[in-house]
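Close look at the chain arrangement
The chain contents come next:
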Amino acid sequence: MSVPRVGVLALQGDFARHLASLEALGVDVQRIVRPEDLADVDALVLPGGESTTMTRLLDAHRLREPLTRFAREQPVLGTCAGLILLGRESERLPGPPLGVLDATVERNGYGRQVDSFTAEVTSPVVGGWFPGVFIRAPRIRRVGPGVEVIAHLTPGPGKAAAEPVGVRRGQAVGLCFHPELTGDLRFHRWFLGQVAGLELPGSAAGENGVRGAAEPVPEGTP
Ligand code: GLN
C-alpha cells in the first residue's frame, strides 16, 4: 500500500504546524507553492495566516485556478484563514474567496489579535470535546443548504452560545480554530480517514496526539 500524500499550502501562515501534525500521522507531506505541486497529492490543507496576503499570493503564484479545481473535486481542510479562502463570501479580500463551501465568513469576527482566546468546542466527529484555539478567528455568519455544522462552541453558564465553528460539505471542511496548535491530532486524523478516505500507515491511526501533549500557542501565531 502506498503512503498517502497530503499537500499544505505553504505561501504564508502557520503551514509548518500542519506539516508537523500530518507527519505525526505518518503520511507523506508536500508543500504547495506552485501549481505542479498539486499533481500527486491525495488531500490538501489550507492553513491559518492572513487571508489578504494569502489571496494576493495565490494569484501571484498562479494557484487560484488549480487550487479551486482541486478543492471542488478532492478533500480539503481549511483552518481559520484557510476557512475564509474556502468560503463563498468574505469582506475586504483583494480577490474573491474560492467559493467551495457555501458559507459566509466574517473576518476577525471574534475581535482583534488581543481578543484571541481558547474555548471548548464540541464536535461529534472527534468524539465530543476539543480544545479550540481561536486567533483573530473568522466567525461563521451563514451556512448554506447542504453544508453540515460539524463543530460548535460548547454552550454553558458564562460560556459562549452554541454557534458553529466547523462546517463540512462533502470532502470540504472548514474550521474557525487551529487544531494544529494543540498537539491533539483527532481533527487531522478524522479528516484524512473519514473525509478523505485515506488509510493511515501503521499505529498512527490509533494515537490521539503528538507525543508530549499540548504545546503552548506561540505568541502572534499565525
Ligand atoms: N484574521 C485573519 C484573516 O482575516 C485569520 C487569522 C488566522 O488565520 N488565525 O485572514
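Above this text is the structure in question.
Notes on the structure in this doc start here. (Residues numbered from 1 in each chain as written. Predicted model: local features only at pLDDT ≥ 70, side-chain atom pairs only at ≥ 80, totals over all residues. Heavy atoms only, no water.)

So, about the site of the ligand. Near the ligand, the surroundings consist of 13 residues, among which S51, C80, N108, I135 and R136 are the closest. Interatomic distance of 2.9 Å between a backbone N/O atom of R136 and a nitrogen atom of the ligand. Bound to the protein, the ligand loses 100% of the 300 Å² it would expose on its own. Given that more than half its atoms are within 2 Å of the pocket grid, the ligand belongs to the largest cavity. Partitioned by chemical class, the residues of the shell around the ligand number five nonpolar, five polar and three charged. (Near = heavy atom within 4 Å. Polar contact = N/O pair within 3.5 Å; in protein donor to acceptor, adjacent residues only side chain to side chain. Areas by Shrake-Rupley, 256 points an atom, 1.4 Å probe, with all protein chains shown as cover. 1 Å grid on protein atoms, 1.4 Å probe; cavity = no way out; pocket = protein on both sides within 12 Å on 5 of 7 lines; lining within 4 Å. Sits in = over half its atoms within 2 Å of the grid points. Nonpolar A, V, L, I, M, F, W, Y, C, P; charged D, E, K, R; others polar.)

Turning our eyes to something else, we now look at empty space enclosed by the protein. In this structure the tally under the stated criterion is one cavity of 30 Å³ or more. Taken together, eleven residues make up the lining of the largest cavity; nearest its centre are G49, E50, I84, N108 and R136. Partitioning the lining of the largest cavity into residue classes produces five nonpolar, three polar and three charged. (Points joined across faces, edges and corners; volume = space filled by probe spheres on them.)

This brings us to helix α2 (residues 51–60). Within the sequence span of α2, burial applies to S51, T52, M54, T55 and L58. Tucked into the core, α2 has its buried residues touching β1 (5–9), α3 (64–73) and α4 (81–86). Its side-chain oxygen 3.1 Å from the backbone nitrogen of T52, E50 forms the N-cap of α2. Downstream of α2 by a residue or two, R62 has a phi angle that is positive, lying close to 55 degrees. (Buried < 20%, exposed > 50% of the residue type's maximum accessible area, 1.4 Å probe, protein only. Helix = DSSP H or I, 4+ residues; strand = E, 2+ residues; numbered from the N terminus. Contact = heavy atoms within 4.5 Å.)

Let us look at the packing of aromatic side chains. Applying the stated criterion to the full structure yields eight aromatic pairs. Here the aromatic rings of F117 and F134 are separated by 4.7 Å at their centres, their planes lie at 5 degrees, and the arrangement is stacked. With F117 in strand β6 (residues 117–123) and F134 in strand β7 (residues 128–134), this pair connects stretches of sequence that are 17 residues apart. Exposure remark for F117: the relative accessible area of 26% places this residue in the partly exposed category. Given a relative accessible area of 0%, F134 falls into the buried group. The structure contains a cluster of three or more aromatic residues connected by ring pairs, namely Y110, F117, F130, F134, F177, F187 and W190. (Phe/Tyr/Trp six-rings, centres within 6.5 Å; stacked < 30°, edge-to-face > 60°.)

Within a sheet, adjacent strands bond to each other through the backbone by hydrogen bonds, running parallel or antiparallel. Taken in spatial order, the nine strands make up an open sheet running β2-β1-β3-β4-β11-β10-β9-β6-β7, and their pairing is mixed. Of all the strands in the sheet, just β2 (28–32) and β7 have a single pairing partner and so form its edges. With direction set aside, neighbouring strand axes in the sheet form an average angle of 20 degrees. Bridging between strand β10 (residues 164–169) and strand β11 (residues 172–175) involves four bridges; their strand directions are antiparallel. Along β11, the bridge assignment pairs R169 with A172. This element, α3, spans β1, β3 (43–46) and β4 (76–79) of the sheet and lies at about 120 degrees to β3. (Pairing = 2+ DSSP bridges. Axes fitted to C-alpha atoms, helices over the stretch in contact; angles between N-to-C directions.)

That is the geometry; function is a separate question.
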